[in-house]
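Residue strings, one per chain:
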Amino acid sequence: MNSMDFAGIGMTSQRTRERLIKRLKEQGISNQKVLDVIRLTPRHLFIDEALAHRAYEDTALPIGFSQTLSQPYIVARMTEILLSAGPLRRVLEIGTGSGYQSTILSQLVDTVFSVERIEPLLKKAQERFQTFGLNNIYTSLSDGSFGWNNNAPFDGIISTAAPQAIPEQLLRQLAPNGILVIPVGNGVSQSLSVIKRVGHSNEYDEDIVEKVKFVPLLTGVSH
Ligand code: SAH
């Protein structure tokens, strides 16, 4: 767990941040730790300066390469669901993107492993982690459909890109009672799936939570 010191960064847009938190609560986000971390994390530093004034709106924002930083509501919801499995030590994120979701997670779990397939996005995210002194995030340029076997098992896995079907490898890399939160579907219709491994068994319980819209999980890496 990492406690971020944003003192030097300054609490810009205090009022708009509070408004966002209020909106997230109205939409049913109730985990106070998650709300606190979102309130304190400078989302405006994860997007292009030209868009910074929209950082605390509850909306997805472009981060280049046809990718998007998810809407705060969905970041909050997925994080809250992940944490519902109990205290998490090791979490794998698929799709580092801007690094915002990893930064949120790094303040709530012991260690974050995050994989991204687009090299320039990953480089930028790594710079942000360094600037913020987040030393519990490990990253890799790779295709997340295969998880990150060398660092498995994970207590939690979160995917921020949507496959058409759940990759087998991700299930296999879950620790006993581990939880996988993942959007599944095509470009037209996707649902957020929550899968829990039952104890040490190879049985998994699945719940479909809500309709979502994510960028697709693509194969291979791009330099
Ligand atoms: N969590 C990110 C969201 C970025 S959008 C954030 O907070 O900003 C989803 C990301 O998933 C994109 O950056 C995209 O390049 C990445 N992605 C898509 N398919 C992938 C794959 N197979 N392996 C790793 N990353 C992938």
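Refer to the preceding data block for the structure.
This one's a predicted model, so the numbers in the text were calculated from it and none came from an experiment.

A. Inspection of the pattern of salt bridges at higher detail. As enumerated under the stated definition, the model contains nine salt bridges in all. The salt bridge involving lysine 22 is made with glutamate 26; its shortest N-O contact spans 3.4 Å. Pair noted here: lysine 22 and glutamate 26 are both in helix α1 (residues 14-26), with a separation of four residues, about one helical turn. In terms of burial, lysine 22 and glutamate 26 fall into one category: exposed. Across the salt bridge formed by glutamate 168 and arginine 172, the nearest N and O atoms sit 3.5 Å from each other. A residue pair is termed a helical-turn pair when its members lie 3 or 4 positions apart in one helix, as glutamate 168 and arginine 172 do in helix α6 (residues 168-172) at four residues.

B. Broad picture of the layout of surface pockets. Approximately 220 Å³ is the volume attributed to the largest pocket. Lining the largest pocket are 13 residues; nearest its centre among them are Gln71, Ile74, Val212, Lys213 and Phe214. Secondary structure elements with two or more residues in the lining of the largest pocket: α3 (72-83) and β9 (204-212). The element best represented in the lining of the largest pocket is β9, accounting for three residues. Reported here for the second largest pocket is a volume of approximately 160 Å³. Forming the boundary of the second largest pocket are 13 residues, of which Thr16, His53, Arg54, Tyr56 and Glu57 lie nearest the centre. The residue inventory of the lining of the second largest pocket, partitioned by class, reads three nonpolar, five polar and five charged.

Rules of the game
- Residues numbered from 1 in each chain as written.
- Predicted model: local features only at pLDDT ≥ 70, side-chain atom pairs only at ≥ 80, totals over all residues.
- Heavy atoms only, no water.
- Salt bridge = Lys/Arg side-chain N within 4 Å of Asp/Glu carboxyl O.
- Helix = DSSP H or I, 4+ residues; strand = E, 2+ residues; numbered from the N terminus.
- Buried < 20%, exposed > 50% of the residue type's maximum accessible area, 1.4 Å probe, protein only.
- 1 Å grid on protein atoms, 1.4 Å probe; cavity = no way out; pocket = protein on both sides within 12 Å on 5 of 7 lines; lining within 4 Å.
- Points joined across faces, edges and corners; volume = space filled by probe spheres on them.
- Nonpolar A, V, L, I, M, F, W, Y, C, P; charged D, E, K, R; others polar.

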